[in-house]
Amino acid sequence: MAGKSRNDRGGYNRGLKGREYARVISISQVKAKKLKGKPRCPVCGNVLMFVYDEASRGHTDQKCLRCNAKVWVDLDTMECIQIVDDDSGAAGGRTETRNVAVS
């Protein structure tokens, strides 16, 4: 950010003592994006996140804020799979897939 004036933030949010934090985006810019879906927790059905059309490939893992379940989300298919610990034995060494409706 060298050479920029003090009033020109360039999309960056400045905190105390002029430190740069994260880039910011306005609500109107977010609303202009096309929503692809809202994957839900396979355990309790809570919405985990909002996925926009631009994020069409890959995977992410999330922790449900309601039931604390760890969930693997496929961004292509919007499929959600619960992640269990290796030593818990909950999956019995196999992958269990639960189809959950996506809003």
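Whatever comes next refers back to the structure up there.
What you see is a predicted model; the values in this text were computed from it and never measured.

Quick notes on the nonpolar core
Working step 1: Counting 11 residues, the largest nonpolar core consists of Cys41, Leu48, Met49, Val51, Cys64, Ala69, Val71, Val73, Leu75, Met78 and Cys80.
Working step 2: Among all residues touching Ala69, those that are not within four sequence positions of it are Cys41, Val43, Gln62, Lys63, Cys64 and Gln82.

A short note on the sheet that holds strand E5 (residues 59-63)
Working step 1: Taken in spatial order, the three strands line up as E5-E6-E7 in an open sheet, and their pairing is antiparallel. Two strands lie at the open edges of the sheet, namely E5 and strand E7 (79-83), each paired on one side alone. Each neighbouring strand pair of the sheet contributes to a mean axis angle of 25°, computed without reference to strand direction.
Working step 2: Bridge count between E5 and strand E6 (residues 70-74): five bridges; the pairing is antiparallel. Looking at E6, one finds that Asp61 is bridged to Trp72.

Rules used in this analysis
- Each residue is numbered by its place in its chain's sequence as written, counting from 1.
- At least 70 in pLDDT is required for a residue's local features to be given in this predicted model, at least 80 for side-chain atom pairs to be given and counted, and no such filter applies to totals for whole chains, interfaces and linings, which use all residues.
- Only heavy atoms go into the side-chain values, all of them from the structure, while hydrogens and water stay out.
- Here, nonpolar core refers to any group of buried Ala, Val, Leu, Ile, Met, Phe, Trp, Tyr and Cys residues whose side-chain atoms link them within 4.5 Å.
- Partly exposed residues are those whose accessible area sits between 20% and 50% of the maximum for their type, while under 20% is buried and over 50% is exposed, using a 1.4 Å probe and protein chains only.
- In this analysis, two residues are considered to be in contact whenever any of their non-hydrogen atoms come within 4.5 Å of each other.
- Two strands pair if DSSP finds at least two bridges between them.
- Numbered from the N terminus, helices here are DSSP runs of H or I no shorter than four residues, and strands are runs of E no shorter than two.
- Every axis corresponds to a line fitted to the C-alpha atoms, with the helix fit spanning only the stretch in contact, and the corresponding angles, defined between N-to-C directions, vary from 0 to 180 degrees.

It is worth stressing that arrangement in space is one thing and function is another; only the former is reported here.
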